Every structure is written in C-alpha cells, then in structure tokens.
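Residues per chain, in single letters:
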Amino acid sequence: LVDDDPEVLEALRLLLRHEGYQILAAKSAAEGFELLALHPVQVILCDQRMPGMSGTEFLDRVKDMYPDTLRIALSGHADLESLMEAINRGALYRFSMKPWDNEVLLGNIRDAFRYYWVMHGLQAGGHH
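Residues numbered from 1 in each chain as written. Predicted model: local features only at pLDDT ≥ 70, side-chain atom pairs only at ≥ 80, totals over all residues. Heavy atoms only, no water.

1. Notes on the confidence of the model for the protein
Caution applies to low-pLDDT parts of the model: their predicted coordinates are not meant to be read in detail.
Thinking step 1. Summary statistics for the protein give a mean pLDDT of 91 and a share of 94% for residues scoring 70 or more.
Thinking step 2. Taking the mean pLDDT of every element in the protein, the minimum, 87, falls on helix α4 (residues 80-89) and the maximum, 98, on helix α2 (residues 29-38). (pLDDT = per-residue confidence, 0-100. Helix = DSSP H or I, 4+ residues; strand = E, 2+ residues; numbered from the N terminus.)

Dropping the structure here:
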C-alpha cells in the first residue's frame, strides 16, 4: 500500500486484514521503493496524488524495476487521462476511484493475486 494519507493507509489495512495478505505500507514513493527492495511484492495498491511523485510515475518505475508486480492505482480526482495513458503503457493492472467500494476493491485485489499465481504457475491461496 502506498498513500501519503495515514487515515487511508489504516482504512485499507482494516479492509484487507482478514484476507490473509502480508501488508506493507508506505507513506511515499521513496518508502515504497525501500519496501520493494527488501520484500518480494506481488500486488501494489498506490494513490495517484502524492507529493514528490505521482502514483502513475511511481508505478511506471516499478513496472521497469519489478515487471512481475501487479499495479493498481487509487485515484480520488479526475485523473482519468493520466490513468488511461498508464493503462495503455502497461503500467497499471487496474484502477479504483476514491472513495472506493470495498467489495469492488477487494475483488480487484483478489483478481490481481489470482492473475499473479496463474502467471507464475502457483496454486491459488499460496501467497507468501
């Protein structure tokens, strides 16, 4: 999870707490890169509007450095043009709008993990 708003990070953590994922949280793109360097990450959920580096810019770099990750952007603003460009470049797997619908967002995250497992020949539910 990458979001500069601690309340959003906490809300996402609460939403995901019963899903069985190992959750890493970063308050900036720089912290996100630090966590990526230290941990294997399958799915990234990142806010679009962050100081210093936009979510799509961060996810573009992640795509180059860690191409196997599945990248989901969260956007609370009318950033549709930059989000569509990022999808077309292959930087995004999905995006969700803020405020998000819990079930839709959970579904997108579950789909991303399932897609990751299929791409890597792993069994569903075998997250590590």
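The discussion continues.
2. What about the sheet that holds strand β3 (residues 94-97)?
Thinking step 1. Overall, parallel pairing links the three strands, which are arranged β1-β2-β3 in an open sheet. Every interior strand has two partners, whereas the edge strands, β1 (43-47) and β3, have only one. The sheet shows a mean angle of 20° between the axes of neighbouring strands, direction not considered.
Thinking step 2. Bridge analysis of β1 against strand β2 (residues 70-75) gives five bridges, and the strand direction is parallel. The partner of Cys46 across the bridge, within β2, is Ala73.
Thinking step 3. The strands touched by α4 are β2 and β3; relative to β3, the strand with the most contacts, the crossing angle is about 160°. (Pairing = 2+ DSSP bridges. Axes fitted to C-alpha atoms, helices over the stretch in contact; angles between N-to-C directions. Contact = heavy atoms within 4.5 Å.)

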